[in-house]
Amino acid sequence: MEKKMILDGNAVAASVKESLKERITLLAQAGITPCLATILVGDDPSSETYVRMKGNACEKLGIISKRIHLPKETTTEELLETITGLNEDEYVHGILLQHPVPEQIDERKAFETIAIEKDVDGVTSLGYGQTAFGFGVYPSCTPAAILEIMDFYNIDASGKHAVVVGRSPILGKPVSALLLNRNATVTTCHSYTTNLEQFVKQADIVVAAVGKPNFIQGAWIKEGAVVLDAGYNKGNIGDADYESCAEKASAITPVPGGVGPVTISMLLKHTVIAAEKGMSKKTSTL
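Notes on the structure follow. (Residues numbered from 1 in each chain as written. Predicted model: local features only at pLDDT ≥ 70, side-chain atom pairs only at ≥ 80, totals over all residues. Heavy atoms only, no water.)

1. Overview of the overall build of the protein chain
For the protein chain, the count of helices and strands is 10 helices and 9 strands. Radius of gyration (C-alpha) of the protein chain: 19 Å, near the 19 Å computed for a compact globule of 286 residues. With respect to the three principal axes, the spread of C-alpha positions in the protein chain is 55 × 40 × 35 Å. Counting over 286 residues, the protein chain shows a buried share of 49%. Within the protein chain, contacts between residues at least 6 apart in sequence are counted, and of these 72% link residues at least 24 apart. Carbon and sulfur atoms make up 52% of the accessible area of the protein chain, which totals about 13600 Å². (Helix = DSSP H or I, 4+ residues; strand = E, 2+ residues; numbered from the N terminus. Rg over C-alpha atoms; globule rule 2.2 N^0.38 Å. Buried < 20%, exposed > 50% of the residue type's maximum accessible area, 1.4 Å probe, protein only. Contact = heavy atoms within 4.5 Å. Areas by Shrake-Rupley, 256 points an atom, 1.4 Å probe, with all protein chains shown as cover.)

2. Re the pairing of strand S3 (residues 64-70)
One ladder, built from 7 bridges, connects strand S2 (residues 35-41) with S3; its direction is parallel. The partner of Ala 37 across the bridge, within S3, is Lys 66. (Pairing = 2+ DSSP bridges.)

3. Quick notes on the side chain of Thr 38
Position of Thr 38 among the secondary structure elements: in strand S2. The class of Thr 38 is buried, set by a relative accessible area of 1%. Not counting the four nearest positions on each side in its chain, Thr 38 is found in contact with Val 51, Lys 66, Arg 67, Ile 68 and Leu 96.

4. Quick notes on the sheet that holds S3
Strand pairs in the sheet, formed through backbone hydrogen bonds, run parallel or antiparallel to each other. Spatially, 3 strands are ordered S3-S2-S4 in an open sheet, and the strand pairing comes out parallel. Only two strands of the sheet have a single neighbouring strand rather than two, namely S3 and strand S4 (94-97). Within the sheet, the average angular offset between the axes of one strand and its neighbour, ignoring direction, is 20°. Sheet topology places S2 next to S4; 4 bridges connect them, and they run parallel. Among the inter-strand pairings, Ile 39 is bridged to a residue of S4, identified as Leu 97. Strand contacts of helix H2 (residues 45-61): S2, S3 and S4, with the helix running at about 160° to S3, the strand carrying the most contacts. On the sheet, helix H3 (residues 76-88) packs against S2, S3 and S4 and is oriented at approximately 175° with respect to S2. (Axes fitted to C-alpha atoms, helices over the stretch in contact; angles between N-to-C directions.)

5. Brief notes about the nonpolar core
Core analysis: the biggest nonpolar cluster contains 49 residues, and Ile 146, Leu 179, Val 207 and Leu 228 have the highest contact counts within it. Secondary structure elements with two or more residues in this core: helix H1 (9-29), H2, helix H6 (141-152), strand S5 (161-165), helix H7 (172-181), strand S7 (205-208), strand S8 (226-229) and helix H10 (259-284). Broken down by element, the residue count for this core peaks at 10 residues, all from H10. Those residues within four positions of Val 207 in sequence are excluded, and the remaining contacts are Ile 146, Val 163, Val 164, Val 165, Val 175, Leu 179 and Leu 228. (Core = buried A, V, L, I, M, F, W, Y, C linked by side-chain atoms within 4.5 Å.)

6. Describing a nonpolar patch on the surface
Residues Tyr 50, Met 53 and Tyr 232 make up a contiguous nonpolar surface patch of roughly 310 Å² in combined accessible area. Among the structural elements, Tyr 232 can be located in the loop between S8 and helix H9 (242-248). Look at Tyr 232 and you get partly exposed, because its relative accessible area is 46%. (Patch = residues over 30% accessible without salt bridge, like charges linked within 9 Å, V, L, I, M, F, W, Y side chains within 5 Å. Salt bridge = Lys/Arg side-chain N within 4 Å of Asp/Glu carboxyl O.)

7. Here's the deal with the pattern of salt bridges
Applying the stated criterion across every chain yields a total of 8 salt bridges. Of the charged contacts, one joins Glu 112 and Arg 108 as a salt bridge, the two residues approaching to 2.7 Å between their closest N and O atoms. Separated by 4 residues within a single helix, Glu 112 and Arg 108 lie in helix H4 (residues 107-113), roughly one turn from each other. According to the relative accessible area criterion, Glu 112 is partly exposed, its value standing at 33%. Across the pair Glu 148 and Lys 269 runs a salt bridge whose closest N-O atoms are separated by 3.7 Å. Of this pair, Glu 148 sits in helix H6 while Lys 269 is found in helix H10, placing the two residues 121 residues apart along the sequence. Owing to a relative accessible area of 24%, Lys 269 belongs among the partly exposed residues under this scheme.

8. Concerning the sheet that holds S7
One open sheet accounts for 6 strands, arranged S1-S9-S8-S7-S5-S6; its pairing is parallel. Bordering the open sheet on either side are strand S1 (5-6) and strand S6 (185-189), each of which pairs with just one other strand. The sheet contact formed by S7 and S8 spans 4 bridges and is parallel. Bridging from a neighbouring strand, Ile 205 pairs with Val 226 of S8.

Written as structure tokens, this is what we have:
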């Protein structure tokens, strides 16, 4: 990486989607259409937008988008009943519960009810455990997107020091595990980390996943480091201050147009894999 690279997530996402077309055609020839069920509880405008975007992305590729919209008064038990029904539906290959859910719902219990073979968004604790052990099929989609970008641009994690700023169960923790499995030395930082700046300054790879706009500063970035910004804040602003970080980094993801588009493509990819696994299962029982 002799010159600075802008890590174009739109190009990566387009490549992933293109690679799925033939696989979807082969499934169609076997009489199978991949189906992703998305559950939205309540009327949060941002969540509605995300669900619509994911549904549109599915339909453009020939993946069925089964949308379930439940009222904001929905109870945990009612949501679990809906998820269980989707678990039992052989025509549904993936289940996505859009979060956050209304406060009266036990979100973790809802996530854990999703069958592991349909957990294409990587939200169950079993899925996280399998990811950490190195054999997870469906890692959380944003961490999977970060690795997909690294692969597309031939960014090798082996032997590198990766600093992940953030420890959420569907982003910071799983991406730390994925990088560790690729032989990076990983430091996971969080809100209780003292001298955060000093840790970031040591990093060959920085993953910004803290949920605070422009939090990571260019002065913290080591010359030639790779910056992967997984943040998406109001006003299309990432977690890293793009202008100042880009001055020091050898490669950086923009916001928007970086990790976000690839995250959606990973959801599509996982749904197709789930459909292929369903086809293999049917074939083996004939």
